[in-house]
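Structure assessment
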Amino acid sequence: MNSPDFSRRRFLGAALVSGMGAVSAKRLTAGKPPVVKRPRATDGDQRFEPDWKERLSISVGPKKGDIVGSSDKALQAAIDYIAGKGGGTVQIQAGTFTLRNALHLPSHIRLSGSGPETIITKGASETVALSEDSDWYDQEITLEKSANFQVGDGIVLIAKNPSNGSQNVIKRSLVARSGNRFKLNDGLRKNLWLAGKPTASSLFPLLTSEYTRNVVIENLTLDGNRKNNTNLNGNYGGCIFLQDCNRYTIRDVTTRNYNGDGISFQICHDVKVENCHSHDNADLGVHPGSGSQRPLILNNRLENNNIGLFWCWGVKHGLAEKNQLHGNKYSISIGHNDTDNIMRQNKITNSGKVGILFRNDARGKNFWANRNTVIDNQIINSGGDDGVAIDITGKTADVTISGNKIVEQRDPMQRTGIRIGAEAGIIKLADNQIQGFMKSIDDLRKSQST
């Protein structure tokens, strides 16, 4: 009687002779799984699904729609309805929607406006001091005065940390009240003691999410009402603020007039920002935040921000391509452990200080923006009388700068095309066209070949 192993070996031998086994063996050796050609909706499988011709959708508008209204409550109700059904599209009609709290986005949703006429904004912010101490385990605060705060509002609580002097920043919503005493949607988990001069401000991102994935935001305008709102740091807010999210697409969206960042995403992976216009924000136009992997910043207009594109800490394997960056103080800033990124075919014009800055983030042994590529860009009219088109500072190394057209159309003054700092490592320069500067290349290294 043949053993199962013997029968299997004999079958494989016959298969190899016939040629079938040779093909199978080759496929196995290549290590490639079978191609999914006919996907089915399978419970728990979030990777493969048929391309359905019609999906669940709900509309919201100021005057017509499945849900009628122009507040955050109307929009959030539509979002939550779609989330409760497992995902789909929230279609926002033309009109102006004024928020008192952020819109919180779940996974597997498409938030789609009706073009530039769909405007999401917020009212003026207020800041009020707290009148009672709150401990880290509390879920309530007491304000000196209630002012215009309402149940349902989004707020930011800020206080000096009593232990180390740093700043505590806490984002919460007001969910109940008695006079000036408000319950929060979640516990504080940080101390808000009067000694730290705590305040509550009606500040929030317009769109936000944490720990979600597979979301599309498209075809709308987000206006932060900058002149009537105090600043909210881009590590906590922006027209769009994401934290610990994956696979977001933001396209054909205008983010403007935020007293902070236009688009900020922290520890978020595979985020694509495409065909967007981020302008006149107080801080950063697009902010790939700390630890974000593989961001794609494509075909955007980033104008009149403090910094147009800010690679934060540890942003890796990203691509910024075919963007127009105009009138920003710093058009592109890259630094702390931002490695293996490509900046290609961007047009950078009229930067207030520097076109592309490689920051000197001297916080560790090797925290500089190493192994990045700057290729085939146009950099025109950078900074004031002593402006620099590309400024490489600190111990930045293994950077390739090639095929760029770097032009100064004004008088040369004290302007520089490429400045390489004294401590920089290997910087590869090739085929760059540099013209109109007092110094085309200012290499401050004493004994380092380029």
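Scroll up a little and you will see the structure.
Residues numbered from 1 in each chain as written. Predicted model: local features only at pLDDT ≥ 70, side-chain atom pairs only at ≥ 80, totals over all residues. Heavy atoms only, no water.

Moving on to the pattern of salt bridges. A complete count under the given rule lists 18 salt bridges for this structure. Put simply, Arg-294 and Asp-270 hold a salt bridge, and the shortest N to O gap is 2.8 Å. Here Arg-294 is found in the loop between β21 (284-288) and β22 (296-298), whereas its partner Asp-270 is found in the loop between β18 (263-266) and β19 (272-274), with 24 residues between them in sequence. Here Arg-294 falls in the partly exposed class, since its relative accessible area comes to 39%. Relative accessible area serves as the criterion here: at 31%, Asp-270 is assigned to the partly exposed category. (Salt bridge = Lys/Arg side-chain N within 4 Å of Asp/Glu carboxyl O. Helix = DSSP H or I, 4+ residues; strand = E, 2+ residues; numbered from the N terminus. Buried < 20%, exposed > 50% of the residue type's maximum accessible area, 1.4 Å probe, protein only.)

Counting 74 residues, the largest nonpolar core has Val-90 and Ile-390 as its most contacted members. At 5 residues, the largest contribution of residues to this core is made by helix α3 (residues 72-84). Look past the residues within four positions of Val-90 in its chain and what remains in contact with it is Ile-58, Val-60, Ala-78, Ile-79, Ile-82, Ile-109, Arg-110, Leu-111 and Ser-112. Counting residues in hydrophobic clusters, the runner-up holds 15 residues, among them Leu-130, Ala-159, Ile-170 and Phe-182. (Core = buried A, V, L, I, M, F, W, Y, C linked by side-chain atoms within 4.5 Å. Contact = heavy atoms within 4.5 Å.)

Another aspect to go through is the packing of aromatic side chains. Taken as a whole and assessed by the stated rule, the structure comprises 1 aromatic pair. Residues Trp-136 and Tyr-137 carry aromatic rings whose centres are separated by 5.7 Å and whose planes lie at 80 degrees to one another, so their mutual orientation is edge-to-face. For Trp-136, a relative accessible area of 44% translates into the label partly exposed. Taking relative accessible area as the criterion, Tyr-137 reaches 51% and is therefore assigned exposed. Lys-122 extends its terminal NZ or CZ atom over the ring of Phe-204, reaching a point 4.9 Å from the ring centre. (Phe/Tyr/Trp six-rings, centres within 6.5 Å; stacked < 30°, edge-to-face > 60°. Lys NZ or Arg CZ within 6 Å of the ring centre and 35° of its normal.)

So, about the sheet that holds strand β12 (residues 181-184). The sheet built from 6 strands is open, its strands ordered β8-β13-β10-β11-β12-β9 with antiparallel pairing. Two strands lie at the open edges of the sheet, namely β8 (127-129) and β9 (140-142), each paired on one side alone. Each strand of the sheet is rotated relative to its neighbour by a mean of 40 degrees, with strand direction disregarded. Relative to β12, β9 is paired through 3 bridges, and the arrangement is antiparallel. (Pairing = 2+ DSSP bridges. Axes fitted to C-alpha atoms, helices over the stretch in contact; angles between N-to-C directions.)

What follows covers the pairing of strand β14 (residues 207-210). Bridge count between strand β5 (residues 103-104) and β14: 2 bridges; the pairing is parallel. Along β14, the bridge assignment pairs Leu-103 with Leu-207. As paired elements, β14 and strand β16 (residues 240-243) share 4 bridges and run parallel to each other. Within β16, the position partnered with Glu-210 by the bridge is Gln-243.

The next thing to look at is the environment of Gly-69. Among the secondary structure elements, Gly-69 is positioned in the loop between β2 (67-68) and α3. Gly-69 sits 28 residues away from Phe-97 along the chain, and the two C-alpha atoms are 8.2 Å apart. Aside from chain neighbours lying at most four places away, what touches Gly-69 is Val-60, Gly-61, Pro-62, Ala-74 and Phe-97.

For the rest of this paragraph, the subject is the side chain of Gln-243. By secondary structure assignment, the location of Gln-243 is in strand β16. Polar contacts involving the side chain of Gln-243 include one to the side chain of Asp-244, which spans 3.0 Å. The contact partners of Gln-243, leaving out residues within four places of it in the chain, are Ser-209, Glu-210, Tyr-211, Gln-266, Ile-267 and Cys-268. (Polar contact = N/O pair within 3.5 Å; in protein donor to acceptor, adjacent residues only side chain to side chain.)

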